[in-house]
Each structure stands twice: as C-alpha cells, then as structure tokens.
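# Notes for the structure review
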Amino acid sequence: MKMTSYQKSHLQQLESEAIFVLREVAAQFERPVLLFSGGKDSIVLVRLAQKAFWPGKFPFPLLHVDTGHNFPETIEFRDELVAQVGAQLIVRSVQDSIDQGRAVEETGPNASRNALQTVTLLDAIAELRVDAAIGGARRDEEKARAKERFFSHRDLFGQWDPKNQRPELWNLFNGYKRPGEHFRIFPLSNWTEMDVWLYIAAEQLSLPRIYFSHFREVVRQGGTWLANSPFITANGQAPEVKRVRFRTVGDLTCTGAVESDASSIDEIIREVAAARVTERSTRGDDRRSEAAMEDRKRQGYF
C-alpha cells in the first residue's frame, strides 16, 4: 500500500516521539522491562527499541506474563522473534501463581485467566525489582487507557490512581518514585490502531498468523466468536468453522475473532479504515462491567 507524504510524516513524528520516550526510560530508570505479549503493539515496540538504541542492543529484557491459555501461534512467534533480535526473554506463569495459592482459578461459563495476570505481573515486578514496565497500550483502545500519561505512576501496591497523574508539559517526564514504587511506560500512547498497521506495513514487520484471515473452529459466546479450545465452556453449542482473524491478541478464553477475508496487511488496513467498532470490542473481559478496564488497572493490570 502506497502511503501519502502526510501519512509518512505523521508516522515519522509518532516514531520519533516513541523513541524519545524509550530513551528517557533508559536514562531515568535502572531496571526497566518491556512487556511482551506477542501482539502487534508489542512487536512495534520491539522495532522502536531497536531503532532507539541502534547499533547497540536495547538495554532491557522482554517480560511475558504467560496465562497458559495463549494462542499457540503467538508463543511460536514470540520465540522466533526473541531469537531473531537476540533479546533476553523472561517468562512468568499464571499457572505458577495458581499453584502457589497467589491466584484463584475462575470457574463458570465465562471463566478466564486474563485478570489473574495482574498477580503474576506484580509478583514479577517485585521479584525482578522492576522500576519501569514498558507496555504497548494506546489511548484510543479504551476510555480508561485514554487517561494514561506516557509515564504512569504506580504506588507501593502496584496500583494506579487516575486522579494522581503527573503533568507532562513540553515532553518533560517525571520519573521520581519512592522505594518500592514503579512506573508503567506507554510510548505508543498517541498512536491509533491504524497508525500501528501503517507502521507495520512501512517497516515490513512479521506478525503471528492469527492476525490474518484463516479458517478456524470457533464457538459463539457472549456475542463474539471465541477460538474453540479445552479452556472454554461451550454451553452446549457446537463449534463452527469460520473464516476469521483476530484484531487483538490476549488470553484465548476472552479474545474474540471477527469474520474477515483480510489475508494481507494492505487488506487489513482497508478493513480497519472501514471499521466502526474498536479492536477491544471483541474482548470479553472488557465487557464484564462499564468500568472493567479501569477497575483492573487500579489493581495493577497492564
């Protein structure tokens, strides 16, 4: 897809802003990590980190919080990318948190491990003494995330207070914290879903196969199509084979598919341009309540 000069200039500005934020993290913090899910936003972050510190390697490891209910294609891609870029990968498991009694497995027809990631993440931050966790969240994704700053302060308990956000005038970021506190860093805050896809096209980035149209066995649940797996309760519904793709990557028990014929990045860009609902509208965990995301973020979620 050929981009206009405006689109190129816009992406260059977003890229420069994100690289500036990443370099500020390296300058202000001692033990940062990049939260890596294998999704498109974290893949873009890895490319930006490569550019920010080229010709050296980026100075922080990747941290993946593994729910145990991931798409196999995502885990396969994660391992390939880590080997390709030569990064250090740290994996912490929700299953371990459950086995240790730190988290309780949900039960019922809509059970998911997505929210349980909070416990595993906060334990990993404490264990690794992380003072800055870089994530791929964007303000256009969800109204709670629209309240975030680039540098988002977390208290001693890993909690987020939306009323206690620090001003970020003239690109000045205040990374001051007390012992035991940390920051979440969001270099893609000003990006949109379309910006991410245009950047992926411009950089010719590889992605997990689930982002592209494919035939898959799915089950209708909560108004969306979920990938059929042993981890979901089908409520007596028979799985169907549909041609689908996924706009976002998460725990497969709550990440819905959309019916789509888009099998290339250019076709996805055209589909996103015509979409009238956000990518997270397919996420079952966001529909549990009106303030589901904000409630989880207050507890320490991504």
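Just so you know, these numbers come straight off a predicted model, no measurement behind them.

Of the two faces of strand β8 (residues 224-227), the one holding T224 and L226 and the one holding W225 and A227 are both buried throughout. Pairing of strand β7 (residues 214-221) with β8, which is carried by four bridges, proceeds in the antiparallel orientation. Note on β8: the bridge partner recorded for V218 is A227. Linking β7 to β8, which pair antiparallel, is a turn of two residues; within it G222 sits at a positive phi near 60 degrees. Judged from the two bridges that link them, β8 and strand β10 (residues 256-259) form a sheet pairing that is antiparallel. Its bridge partner being in β10, L226 is matched across the sheet by G256.

Helix length check: helix α5 (residues 117-128) (twelve residues) gives 16 Å between terminal C-alpha atoms against 16 Å at 1.5 Å per residue, within 8%. Of all the residues in α5, the buried ones are Q117, T118, T120, L121, L122, A124, I125 and L128. As for α5, its buried residues are in contact with β1 (32-35), β2 (62-66), β3 (89-93), α4 (94-99) and β6 (182-185). R129 sits one or two residues past α5 and shows a positive phi near 55 degrees.

The set of residues buried in helix α7 (residues 265-274) consists of I265, I268, I269 and V272. Taken end-on, α7 shows its buried residues confined to a sector of 100 degrees, consistent with a single buried face. Opposite the buried face of α7, by more than 90 degrees, sit the exposed residues R270 and A274.

To continue, consider the packing of helix α6 (residues 193-203) against α7. Their axes nearest at 10 Å, the elements α6 and α7 cross at an angle of 165 degrees. Taken together, the axes of α6 and α7 lie roughly antiparallel to each other. Both α6 and α7 take part in a crossing whose hand is left-handed. Facing α6, whose interface residues are E193, M194, W197, L198, I200 and A201, α7 presents I265, I268, I269, V272 and A273. Tallied by class, the residues present in the contact of α6 with α7 amount to ten nonpolar, no polar and one charged.

This next bit is on the sheet that holds β10. Within the closed barrel, the four strands sit side by side as β7-β8-β10-β9. Their pairing is antiparallel. Each strand axis lies, on average, 70 degrees off the axis of its neighbour in the sheet, ignoring direction.

How each quantity is defined
- Residues numbered from 1 in each chain as written.
- Predicted model: local features only at pLDDT ≥ 70, side-chain atom pairs only at ≥ 80, totals over all residues.
- Heavy atoms only, no water.
- Buried < 20%, exposed > 50% of the residue type's maximum accessible area, 1.4 Å probe, protein only.
- Helix = DSSP H or I, 4+ residues; strand = E, 2+ residues; numbered from the N terminus.
- Pairing = 2+ DSSP bridges.
- Expected span 1.5 Å × (residues − 1).
- Contact = heavy atoms within 4.5 Å.
- Arc of directions from axis to C-beta.
- Axes fitted to C-alpha atoms, helices over the stretch in contact; angles between N-to-C directions.
- Parallel < 35°, antiparallel > 145°, perpendicular 65-115°, else oblique.
- Left-handed = near helix turned anticlockwise from the far one by under 90°.
- Nonpolar A, V, L, I, M, F, W, Y, C, P; charged D, E, K, R; others polar.

Geometric values such as these leave the question of function open.
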